[in-house]
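Results of the structural survey
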There are 2 protein chains.
Amino acid sequence: MEEDIRIYIIEDDEVIMESLQFLIKEELGFRLTGGSVNAEDAILALKYVHSDVLLLDVSLPGMNGIEAIPLIKELQPDLNILMLTVHEDSDTVFSALRNGAIGYLLKGTPPNNLFKGIRDVLQGGAPISPSIARSIVETFRVENIPVLSQREMEVLIKLSDGNNNSQIAKELFVSANTIKAHIKSIYKKLHVHTRAAAIRKAMRKGLIK
Amino acid sequence: MEEDIRIYIIEDDEVIMESLQFLIKEELGFRLTGGSVNAEDAILALKYVHSDVLLLDVSLPGMNGIEAIPLIKELQPDLNILMLTVHEDSDTVFSALRNGAIGYLLKGTPPNNLFKGIRDVLQGGAPISPSIARSIVETFRVENIPVLSQREMEVLIKLSDGNNNSQIAKELFVSANTIKAHIKSIYKKLHVHTRAAAIRKAMRKGLIK
DNA sequence: GTTGTTATTACCTGAATGGGTAATTTTTCT
DNA sequence: AGAAAAATTACCCATTCAGGTAATAACAAC
């Protein structure tokens, strides 16, 4: 009773795009959620379409795939990004990984390897050098420590003390509406939607003790 | 514009009790919130009376002062407990400190020292060996790790993931009311009143990661 | 065999939260 | 000087939370 793996594709080459779409549509356990021919369009679409895996071409017209990664991660932090590349150029791959991609697939790879790579990701692996690559990735990735403004930090700390919005407002001599605004902003930066989750994430990231 | 320091006394010796009550009533900046002649009565009263400092006689009829400490701490975790003792018996003092008392006052102490001792506490000190005692206390105190039941832990973890009550209810196959009950119980054990504070405390205590 | 803890559910109420949108002011960076 | 980011406030709305009270059942401890 597994759910389909939802896949989104960003690829400008028509032939490759159609071939990938065809393969995914036909393969059991996979579902296509959409596709774009450039990063800019994709970023607009990805605000609304949620997927498990993104196949992202490295070379795109306009913004290239690697530049797009952090922007996409902003939208969907938990989306697993796999780069699509023609040859295994280590510089390219490394900067992709450093930016937040989880692995890469070679464009010439046979369908079965492609599917295996995608399934690997969902099981916590990283395609191509399955396990080792993953640990390298973790090491190299620049720990995306969210930057909260000074004011947001003050709010966060009081939040963690168990204060509610109006209590914080009083202590900081501003209106409760302001505190709400700050908290919304904190949620956005930490990618959470509740106070409880915000505190946990903030503690894990070392923002508060 | 300082607020009065609110003091509660538990002392079975009538003479000493009256003498302390008199002193506190007369002294500027101090206010008596109540008194009991034994721990059992006090525990009932302390459910309703909030104070800053509790003067607690070591030797009491029935439950002694030291045994009473953890029970009182359950009711008012932030209450500063000062033991009243006749002689500086280190065993007694140490077990009091280990149980959660913050310091001790000798019964023969002149009024001014008494007041100073109490003021010390409110300023983060610990009477008798003002600063050093404090750090010793912290070291010796058995870290009262709250014991959450298995079910409460499950709820806590899901809470920290940012789930709300009804989401947790679904995942655990019980009603949202049940989750509410568990969360209330968690709050009681952790001495908090909000989710945010619960998460922080739980993380600090190592209950969750 | 009674007492205590845990788990479960329910109902009520007022307060608080999270999300959306929008606008102004101040700071900061370029 | 002009653009971008941070801080401020406001209003609306539906949902959620926190606290209080209460009751039942299962199970362990004493």
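Bear in mind that the values here come from a model prediction, so they are computed numbers and not experimental data.

Here is what the cut-offs are and how they apply
- Residues numbered from 1 in each chain as written.
- Chains lettered and ligands numbered in written order.
- Predicted model: local features only at pLDDT ≥ 70, side-chain atom pairs only at ≥ 80, totals over all residues.
- Heavy atoms only, no water.
- Contact = heavy atoms within 4.5 Å.
- Buried area = accessible area lost by both parts, 1.4 Å probe.
- Salt bridge = Lys/Arg side-chain N within 4 Å of Asp/Glu carboxyl O.
- Polar contact = N/O pair within 3.5 Å; in protein donor to acceptor, adjacent residues only side chain to side chain.
- Helix = DSSP H or I, 4+ residues; strand = E, 2+ residues; numbered from the N terminus.
- Nonpolar A, V, L, I, M, F, W, Y, C, P; charged D, E, K, R; others polar.
- UniProt positions renumbered as here; feature names shortened; annotations may be inferred.
- Buried < 20%, exposed > 50% of the residue type's maximum accessible area, 1.4 Å probe, protein only.
- Least-squares fit on C-alpha atoms with pLDDT ≥ 70 in both.
- Near = heavy atom within 4 Å.

Another point: the interface of chain A and chain B. Accessible area lost during the coming together of the parts is what is often quoted as the interface size. At the junction of the two partners, chain A supplies 13 residues and chain B supplies 13 residues. Carbon and sulfur atoms make up 60% of the surface buried where chain A meets chain B, a total of about 1,100 Å² over both sides. Sorting the residues of chain A by area buried against chain B places Ala196(A), Arg200(A) and Met203(A) first, and these three jointly supply 43% of that buried surface. Taken together, the connections running from chain A to chain B amount to 2 salt bridges. Note that Arg200(A) is salt-bridged to Asp161(B), the shortest N-O span being 2.9 Å. Linking chain A with chain B are 6 residue pairs in polar contact (both at pLDDT 80 or more), by the criterion used here. Contributions of two or more residues to the side of chain A that touches chain B are made by helix 7 (150-160) and helix 10 (195-204) of chain A. When grouped by side-chain class, the residues that make up the side of chain A that touches chain B number 5 nonpolar, 3 polar and 5 charged.

Before going further, it helps to spend a moment on the UniProt feature "modified residue: 4-aspartylphosphate" (unreviewed entry) in chain A. Annotation from UniProt places "modified residue: 4-aspartylphosphate" (unreviewed entry) at Asp57(A). Overall, Asp57(A) belongs to the buried group, its relative accessible area being 2%.

This part takes up the side chain of Asn163(B). Residue and element names in this part refer to chain B. Within the secondary structure, Asn 163 is located in the loop between helix 7 (150-160) and helix 8 (165-172). Of note is the side chain of Asn 163, whose polar atom sits 2.9 Å from the backbone oxygen of Lys 158. The residues touching Asn 163, leaving out its near neighbours within four places in the chain, are Lys 158, Ile 168, Glu 171 and Arg 195.

Turning chain A through 178 degrees and shifting it by 0.8 Å along the axis lays it on chain B, with an RMSD of 0.4 Å. In short, the pair behaves as if placed about a two-fold rotation axis. Using C-alpha coordinates, one finds that chain A approaches the rotation axis most closely at Ala196(A), a distance of 2.4 Å. Most of the interface of chain A is mirrored in chain B, where 100% of its interface residues are also at the interface.

Right, let's get into the protein's contact with DNA strand D. Around DNA strand D, the structure places 18 residues, and the nearest of them are Ser149(A), Thr178(A), Lys180(B), Lys184(B) and Tyr187(B). Close to the protein, within 4 Å, the atoms of DNA strand D are drawn from sugar and phosphate at a rate of 63%. Measuring from a phosphate oxygen of DNA strand D, one finds a side-chain N or O atom of His182(A) at 2.8 Å. Side-chain polar atom of Tyr187(B) to a phosphate oxygen of DNA strand D: 2.6 Å apart, as the coordinates give it. Looking at the surface near DNA strand D, the elements with two or more residues in it are helix 7 and helix 9 (176-190) of chain A together with helix 9 (176-190) of chain B. Ranked by residue count, the leading element in the surface near DNA strand D is helix 9 of chain A, at 5 residues. Residue classes in the surface near DNA strand D are distributed as 3 nonpolar, 10 polar and 5 charged.

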